[in-house]
Amino acid sequence: QVQLVEPGGGLVQLGGPLRLSCAAPGSTSSSYTMGWYRQAPGKERELVAGITSAGDSTNYVDAVKGRFSISRDNGKNTLYLQTSSLKPEDTAVYYCHAVTEVGGTIYDYWGQGTQVTVSS
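A brief look at the structure comes next. From a predicted model like this one, the values you see are computed outputs, not experimental measurements.

Conventions used here
Residues numbered from 1 in each chain as written. Predicted model: local features only at pLDDT ≥ 70, side-chain atom pairs only at ≥ 80, totals over all residues. Heavy atoms only, no water. Helix = DSSP H or I, 4+ residues; strand = E, 2+ residues; numbered from the N terminus. Buried < 20%, exposed > 50% of the residue type's maximum accessible area, 1.4 Å probe, protein only. Contact = heavy atoms within 4.5 Å. Areas by Shrake-Rupley, 256 points an atom, 1.4 Å probe, with all protein chains shown as cover. Lys, Arg positive; Asp, Glu negative; His and termini not counted. Charge placed at Lys NZ, Arg CZ, Asp CG, Glu CD. Salt bridge = Lys/Arg side-chain N within 4 Å of Asp/Glu carboxyl O. Pairing = 2+ DSSP bridges. Axes fitted to C-alpha atoms, helices over the stretch in contact; angles between N-to-C directions.

## Remarks on the overall build of the protein chain
Argument step 1. Secondary structure assignment for the protein chain yields zero helices and ten strands.
Argument step 2. In sequence order, the secondary structure elements of the protein chain are arranged as β-β-β-β-β-β-β-β-β-β.
Argument step 3. Dimensions along the principal axes, computed over C-alpha positions, put the protein chain at roughly 45 × 30 × 25 Å.
Argument step 4. Residues classed as buried in the protein chain amount to 40% of the 120 residues present.
Argument step 5. Of all intrachain contacts in the protein chain linking residues separated by at least 6 positions in sequence, the fraction that spans at least 24 positions is 54%.
Argument step 6. Carbon together with sulfur atoms contributes 48% to the accessible area of the protein chain, which is approximately 6,300 Å² in total.
Argument step 7. Within the protein chain, one finds 9 positive and 10 negative side-chain charges whose respective centroids are separated by 6 Å.

## Considering the pattern of salt bridges
Argument step 1. Following the criterion strictly, the structure yields four salt bridges and no others.
Argument step 2. With its nearest N and O atoms 3.0 Å apart, the salt bridge here joins D62 to K65.
Argument step 3. Overlapping salt bridges, with partners in common, bring together R38, E46, R67 and D90 in one network.

## A word on the sheet that holds strand β6 (residues 68–73)
Argument step 1. Ordered by their spatial adjacency, three strands build an open sheet running β2-β7-β6, and the pairing between neighbours is antiparallel. Edge strands, defined here as strands with exactly one partner in the open sheet, are β2 (18–23) and β6. Recorded for the sheet is a direction-independent mean angle of 15° between the axes of neighbouring strands.

Have a look at this one:
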């Protein structure tokens, strides 16, 4: 069982930066592939960025490439999303996600979500 805790989020100015974090206290989250998803009102949840368990490979949705950076600190069991040049369309609830496969069984977990609102 992995518990994902997301402090942070909030109101940020247009064009501003914001760093999101996702902690997995007391877990072995280092064995999980992790990612950040977001869901805007009236839209489906979408994958924003993903990172491998070792942190050696990342991927991003086209809309955030060059503006967002995902990283992880396995020693602290923490995932990060550094955002910059925020736009109104980045306003959404952001969710942390962790997934792994053991013996053919998929185990995945979600954070509670944190609201990010970009103000113009």
